[in-house]
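# Survey of secondary and tertiary structure
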Amino acid sequence: MKIATIETYDLACPLGRSFGWSQGWIEQRNTTLVKITTDNGLMGWGEGAASDIINNLLAPLLIGQNPIDRAGLWERMFHALYNGNNAVGLAGSAVSALDIALWDLAGKAANLPIYALLGGKIRDQVAVYATGLYYTEGEFPDRLLNEARSYVEQGFKGMKTKVGGLSLKEDIARIRALRKAIGPDVCLMIDANEAYNATTAIRLGRELADLDLVWFEEPVNAQDLDAYLEVKAALPMAIAGGENLRTRYEFKPYLTQRAYDIVQPDIMHCGGLTEMARICAMANTCGIQVNPHVWGSPVMIAATLHLAATLPPCPPARNTQPYLQEPVMEFDRTPSVIREELCAVPFGQQDSYVRLPEGPGLGIEIDEEVVQRLSK
């Protein structure tokens, strides 16, 4: 079996209502899919970014190769980027897309789900929390608080909102109102998307310290290791980050110096299943919880579920719990036609858990008519 063709699809869907995060406003949802087809007709799907890098640099390295040799093909792609220090940013996302597609192909060839290829599952379902509660025009308080209450009604045991897009005073008022609306028993997390310096992040964290926040995500610049260490030493809540890092080499100092309490690698950016498994093993060895970052289509959701199902508790415990020892996965609830229509049956949650796909490979069926319709 050999790789015959590699095709990329840049997908986009406009939003009926734009929404804001810590660094700007989102008018549409975007992602890049890749389809690898073999000479015997098997197809594997991946998700990432940088279709130009995939088409012009990496695809020629894979055409004609055996797709089962995932580790060797990962090294081939990485080596093409390594010496120029290009295995970061968009190039890392390109490698991720191809790697996920290769794992999908391998599972289909073996008629096994990806989690089985990874060594087998530890859990049949993965705990999730709702990501939403973004900034919208005229949101506060009614729209924001009604959204939060709806997540509680849907059975979510946790949810995450943004800070950093408004003044400290305004964001503090939003978070206090959210905690009051959802009650003390629902986990609440905040995400600054790198909006602050260490001093401001510490100030905000101390103002909110009485609200029992589970974690403070990306409080400072993703590349500022010293700032992470400073914030982590000063605040009582867990500090999380890592969604913007690529490969184990970028993660290494943050893990070995324990700059994070929780690390959040993103499977469509950090190097795909192959590299994220390595990062997760490093994190577990360092005693750092892995709660994957997820923001994309059913392809990356499925890939993340398969890997999360194999992650050992951190640390082992007699009665492991989400947010304490068990991985907890982000479950995006913002509007996305890509997420909801790419597969006939979108992923859903029950009681704040998502069950694993059981079919071969990723275990999902991509609607190629939808792919064509949403391609730019």
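Going by the structure above, here's the rest.
For clarity, every value in this text was computed on a predicted model and none was experimentally measured.

Along its length, the protein carries 13 helices and twelve strands. For a compact globule of 376 residues, the expected C-alpha radius of gyration is about 21 Å, and the protein comes in at 20 Å, within 12% of that figure. Seen along its three principal axes, the alpha-carbon backbone of the protein occupies a region of about 60 × 45 × 40 Å. Sorting the 376 residues of the protein into buried and exposed places 57% on the buried side. A separation threshold of at least 6 residues defines the contact pool for the protein, and within that pool the share at least 24 residues apart is 74%.

With that settled, the discussion passes to the packing of helix α2 (residues 70-82) against helix α3 (residues 89-110). At a closest axis distance of 10 Å, the pairing of α2 and α3 adopts a crossing angle of 165°. Here α2 lies roughly antiparallel to α3, going by the angle between them. The handedness of the crossing between α2 and α3 comes out as right-handed. In this structure, α2 uses Arg70, Leu73, Trp74, Met77 and Leu81 to contact α3, whose residues at the interface are Ala91, Val95, Leu98, Asp99, Leu102, Trp103 and Ala106. Classifying every residue of the contact of α2 with α3 gives ten nonpolar, no polar and two charged.

Glancing now at α2. Counted at 1.5 Å a residue, the expected span for α2 with its 13 residues is 18 Å, and the 18 Å between its end C-alpha atoms agrees. Along α2, the residues classified as buried are Arg70, Leu73, Trp74, Met77, Phe78 and Leu81. For α2, the arc enclosing every buried residue in end-on projection is 135°, short of the 170-degree limit, so these residues lie on one face. Facing away from the buried side of α2 by more than 90 degrees, the exposed set consists of His79 and Tyr82. Of the surrounding secondary structure, the elements contacted by the buried residues of α2 are β1 (3-21), α1 (51-62), α3, α9 (247-256) and α10 (272-285).

Cis peptide bonds are those with omega within 30 degrees of zero, and the linkage from Cys314 to Pro315 qualifies with -5°. Along the chain, Pro315 turns up in the loop between α11 (298-308) and β11 (328-332). Positive phi outside glycine occurs at Tyr323, with the angle close to 75°. The exposure class assigned to Tyr323 is buried, which follows from its relative accessible area of 18%.

Time to look at the pattern of salt bridges. Scanning the model with the defined rule gives 19 salt bridges in all. Between Arg339 and Asp332 there is a salt bridge, with the nearest N and O atoms lying 2.8 Å from each other. Per residue, the accessibility class of Arg339 equals that of Asp332, and both read buried. Among the charged side chains, a network of salt bridges with common partners joins Arg29, Asp332, Arg339 and Glu340.

A few words now on the environment of Pro298. Considering the arrangement of structural elements, one finds Pro298 in helix α11. Taking the relative accessible area as the measure of exposure, Pro298 reaches 1% and is therefore buried. Separated by 97 residues in the primary sequence, Pro298 and Ala201 place their C-alpha atoms 33 Å from one another. Not counting chain neighbours up to four residues away, the residues in contact with Pro298 comprise Ile338, Arg339, Leu342, Cys343, Phe347 and Ile364.

In this section: the side chain of Lys35. By the secondary structure assignment, Lys35 is in strand β2 (residues 24-38). Side chain to side chain, Lys35 and Glu368 meet in a polar contact 3.0 Å long. Each residue touching Lys35, except ones within four places of it in the same chain, is listed here: Thr5, Ile6, Glu7, Tyr9, Met43, Gly44, Trp45 and Glu368.

For the rest of this paragraph, the subject is the nonpolar core. By size, the foremost hydrophobic cluster in this structure holds 89 residues, and its most contacted members are Met159, Ile175, Leu204 and Phe216. Discounting residues that sit within four places of it in the chain, Ile175 has contacts with Thr161, Lys162, Val163, Leu188, Ile190, Leu208, Leu211 and Leu213. Ile54, Val95, Leu98 and Leu105 belong to the second-largest nonpolar core, a separate cluster that totals 23 residues.

For α3, built from 22 residues, the straight-helix expectation of 32 Å at 1.5 Å per residue is met to within 8% by its first-to-last C-alpha distance of 32 Å. Across the 22 residues that make up α3, a large majority, 17, are buried. Among the residues trailing α3, Asn111 stands out with phi positive, at a value near 55°.

Attention now goes to the side chain of Asp104. Tracing the backbone through its elements, the reader meets Asp104 in helix α3. Within polar-contact distance, the side chain of Asp104 engages the backbone nitrogen of Trp45 at 2.9 Å. With sequence-adjacent residues up to four places away left out, Asp104 is seen in contact with Met43, Gly44, Trp45, Ile114, Pro360, Gly361 and Leu362.

Moving on, we get to the layout of surface pockets. Of the voids in this model, the largest pocket is the one considered here, and its volume is about 630 Å³. In this structure, the largest pocket is lined by 29 residues; those nearest its centre are Trp21, Ile26, Glu243, His293 and Trp295. Within the residue set of the lining of the largest pocket, elements represented by two or more residues are β2 and α12 (337-341). It is β2 that contributes the most residues to the lining of the largest pocket, five residues altogether.

Looking now at the environment of Arg318. With respect to the helices, strands and loops of the structure, Arg318 is situated in the loop between α11 and β11. Sequence-wise, Arg318 and His269 are 49 residues apart; in three dimensions their C-alpha atoms are separated by 34 Å.

Glancing now at the state of the cysteines. The tally for this structure, following the rule as stated, stands at zero disulfides. Free cysteine: Cys187, not disulfide-bonded; nearest cysteine sulfur from Cys314 at 17 Å. Residue Cys187 is classed as buried on the basis of its relative accessible area of 18%.

Here is what the cut-offs are and how they apply
Residues numbered from 1 in each chain as written. Predicted model: local features only at pLDDT ≥ 70, side-chain atom pairs only at ≥ 80, totals over all residues. Heavy atoms only, no water. Helix = DSSP H or I, 4+ residues; strand = E, 2+ residues; numbered from the N terminus. Rg over C-alpha atoms; globule rule 2.2 N^0.38 Å. Buried < 20%, exposed > 50% of the residue type's maximum accessible area, 1.4 Å probe, protein only. Contact = heavy atoms within 4.5 Å. Axes fitted to C-alpha atoms, helices over the stretch in contact; angles between N-to-C directions. Parallel < 35°, antiparallel > 145°, perpendicular 65-115°, else oblique. Left-handed = near helix turned anticlockwise from the far one by under 90°. Nonpolar A, V, L, I, M, F, W, Y, C, P; charged D, E, K, R; others polar. Expected span 1.5 Å × (residues − 1). Arc of directions from axis to C-beta. Salt bridge = Lys/Arg side-chain N within 4 Å of Asp/Glu carboxyl O. Polar contact = N/O pair within 3.5 Å; in protein donor to acceptor, adjacent residues only side chain to side chain. Core = buried A, V, L, I, M, F, W, Y, C linked by side-chain atoms within 4.5 Å. 1 Å grid on protein atoms, 1.4 Å probe; cavity = no way out; pocket = protein on both sides within 12 Å on 5 of 7 lines; lining within 4 Å. Points joined across faces, edges and corners; volume = space filled by probe spheres on them. Disulfide = S-S within 2.5 Å.

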